[in-house]
Amino acid sequence: MSLIGATIITTFSGPVSDWIGRRPMLILSSVLYFCSSLIMLWSPNVYVLLLARLVDGFGIGLAVTLVPLYISETAPPEIRGLLNTLPQFSGSGGMFLSYCMVFGMSLLPSPDWRIMLGVLAIPSLFFFGLTIFYLPESPRWLVSKGRMAEAKKVLQKLRGIDDVSGEMALLVEGLAVGGDTSIEEYIIGPATDPTDDHVADGDKEQITLYGPEAGQSWIARPSKGPSMLGSVLSLASRHGSMVNPSVPLVDPIVTLFGSVHENMPQAGGSMRSTLFPNFGSMFSVTDQHTKNEQWDEENVHRDDEEYASDGAGGDYEDNVHSPLLSRQTTSAEGKDIAHHGHRGSSLSMRRPSLLGEGGEGVNSTGIGGGWQLAWKWSEREGEDGKKEGGFKRIYLHEGVPGSRRGSIVSLPGGGDAPEGGEFIHAAALVSQPALYSKDLTERHMSGPAMIHPSEAAAKGPSWKDLFEPGVRRALLVGVGIQILQQFAGINGVLYYTPQILEQAGVAVLLSNLGLSSASASILISSLTTLLMLPSIGLAMRLMDLSGRRFLLLGTIPILIASLVVLVVSNVVDLGTVPHAALSTVSVIIYFCCFVMGFGPIPNILCAEIFPTRVRGLCIAICALTFWIGDIIVTYSLPVMLNAIGLAGVFGIYAVVCLISFVFVFLKVPETKGMPLEVITEFFSVGAKQAAAKA
């Protein structure tokens, strides 16, 4: 009944959380847990008990679906995997305590099941208190609803810093679903004065890149020389293919993600900007900028009194001014920005402090994992022959730094960069900004047609967004890994561990203790869950260092081996004690390796790979797959144990694990340390490359 309840609530949890927020749904989960525990404690008959278990399932479904989602949306990229493994750790700790309690009850002459179920009220009260008094709303959800002031305050609280302009800009850009993303490479240097000798008049290749803070700009030129990155990013941009020639079946998305982590070791390292770690003079800081009125909800959306009153004063302007673009910049103004962006640019959000006392950049503008967010002005010729302009969003990742001083002759590809000075080679994901509106451009408006986040959010998620190539590709990964996780048998084995161990003859190992077969199997189950805790602790340590893909590919072969040993020990007559010992050790190894990889990682991945606008909807689809698979495995396991025995059941699970290994190797990318918005952009690029190959 709990599984049925979880399946039912999961159908609605994602879309409803996109509508009313993550925090209210987590509060509701804690209330459902508490109510179900009281009803179970009181149950006058089996029907009321079943109803209570159904309500309990509602709470479980909400928690399992939304906790990974909430953690992913609030955690810094470099520790997102660690924090998302915490539910696995706390869940295993809870199972250990539960088994200890039930083992103690099994020794009593007449154990009371009401206490066993009613005790759930105690942790559910802690859960309720945490959600009510401590948990803020997800900043990504707040931005998706145009509540910029609240989102900024939450980010400042979570990050412990005042300057969160870079991440605010990133969250706004995360509102995009798909897009025509291209891969480019730039040689980037400090913003120089137009009269500088290094800048030739009429240099059409020179581009001005604008950062999310006022006065933050750089000069860039497209890279033409040999690749300094040696990565698939550059190969894709020049040869149009990211397919690994040695393994042709590997998804281009896997190869693309892998190139970042293999060739750019900074990824996953720091929330701070690593694009120009020591190039303080590359940041151009302007004097006081003229105040502009873009994105001022107090002026544009006066009907929203809640936020207008909340944001009174100058700080409110900081909260709601665009981290991006002016709403009404004309084509002529945009052209002026492109030439004089580092003096009074309308891209300004507020006056920052980019230079430290030592002249180094204050590392507050990066978006995590060594990525930097920027924009450039681009023009194209319209159907009427007139030039049309607009901004392009760019996610930059540092490549190989050039000479900080003097000559660059010795560097490969160095001919692209200006002689002397400071420069860097960077790979770039280039696409339309999130708030670029096709509806507005169809009205033949000039300039970068932009809308406010609250206007974009009014449309809400759309089912047609699920068919965008990048989202569709991500759904294939998410749904596929959830199906395989369940049919690898973990939840069936968890639910029936005592019965499995009892059938394996574990009572023989503890015969000297004088325990019954049931009590002995429960005691071994509790010890098994205890051993799972250090395994999960190791996984928490490795999740953001070695990565999700590494843990999956490293632990699944051990799962297969442990299942094969279980099959052999049940097929070959080894004697009672060797059979019981091998079965027990194999089950323990199976559990410990599962919770290191295949246990937490599917939920972590599903919370990372979808765009903000459809994340709740997509996670609901993946979670629904999870619960349907869970129901099938749970209901089929007792029947299968009676029909084909332990050997047959574990043989099937071994085959599924083998299929899982192949699927992970070919389809599941490495997402450690990358901002969520960059991950979704990579899926869009990879889907485009895969379509081109097909």
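See the structure above.
Here goes a summary of the coordinates provided. Everything numeric here is computed off the predicted structure, so don't read it as measured data.

Conventions we followed
Residues numbered from 1 in each chain as written. Predicted model: local features only at pLDDT ≥ 70, side-chain atom pairs only at ≥ 80, totals over all residues. Heavy atoms only, no water. Buried < 20%, exposed > 50% of the residue type's maximum accessible area, 1.4 Å probe, protein only. Helix = DSSP H or I, 4+ residues; strand = E, 2+ residues; numbered from the N terminus. Pairing = 2+ DSSP bridges. Phe/Tyr/Trp six-rings, centres within 6.5 Å; stacked < 30°, edge-to-face > 60°. Patch = residues over 30% accessible without salt bridge, like charges linked within 9 Å, V, L, I, M, F, W, Y side chains within 5 Å. Areas by Shrake-Rupley, 256 points an atom, 1.4 Å probe, with all protein chains shown as cover. Salt bridge = Lys/Arg side-chain N within 4 Å of Asp/Glu carboxyl O. Core = buried A, V, L, I, M, F, W, Y, C linked by side-chain atoms within 4.5 Å. Contact = heavy atoms within 4.5 Å.

**With respect to the pairing of strand β3 (residues 217-222)**
On a regular strand, each side chain points to the face opposite its neighbour's, so the side chains alternate between the two faces of the sheet.
Logical step 1: Of all six residues making up β3, five are buried, and the element is well covered by its neighbours.
Logical step 2: Judged from the five bridges that link them, strand β1 (residues 182-190) and β3 form a sheet pairing that is antiparallel. Its bridge partner being in β3, Ile-187 is matched across the sheet by Arg-221.

**Details of the pairing of strand β2 (residues 207-210)**
Logical step 1: Burial along β2 is two-sided: the residues Ile-207 and Leu-209 and Thr-208 and Tyr-210 are all buried.
Logical step 2: Here β2 pairs with β3 via four bridges, running antiparallel. For Tyr-210, the partnering residue across the bridge sits in β3 and is Ser-217.

**Describing the packing of aromatic side chains**
Here the distance between the centres and the angle between the planes together describe a pair of aromatic rings.
Logical step 1: Taken as a whole and judged by the stated rule, the model has nine aromatic pairs.
Logical step 2: Here the aromatic rings of Phe-650 and Tyr-653 are separated by 6.2 Å at their centres, their planes lie at 70°, and the arrangement is edge-to-face. Taken together, the residues span about one helical turn, with Phe-650 and Tyr-653 both in helix α25 (residues 615-667) at a distance of three residues. Just as Phe-650 is buried, Tyr-653 falls in that class too.
Logical step 3: Grouped by ring-pair contacts, the aromatic residues Phe-257, Trp-371, Phe-682 and Phe-683 constitute a single cluster.

**Things to note about a nonpolar patch on the surface**
Logical step 1: On the surface, Met-1, Ile-4, Ile-8, Phe-12, Val-46, Tyr-47, Leu-50 and Tyr-635 cluster together into a nonpolar patch covering about 800 Å² of accessible area.
Logical step 2: Elements with a minimum of two residues in the nonpolar patch: α1 (2-20) and α3 (46-74).
Logical step 3: Relative to the elements of secondary structure, Ile-4 occurs in helix α1.

**Points about the nonpolar core**
Nonpolar side chains tend toward joint burial in soluble globular proteins.
Logical step 1: Within the largest apolar cluster, 96 residues are counted, with the highest numbers of intra-cluster contacts made by Trp-371, Phe-598, Phe-610 and Phe-682.
Logical step 2: By residue number, the principal contributor to this core is α25, which donates 17 residues.
Logical step 3: Contact partners of Phe-598, with chain neighbours within four places excluded, come to Ile-481, Leu-484, Gln-485, Ala-488, Leu-552, Thr-555, Ile-556, Leu-559 and Ser-660.
Logical step 4: Ranked by size, the runner-up nonpolar core spans 13 residues in total, among them Tyr-186, Ile-207, Trp-218 and Ala-428.

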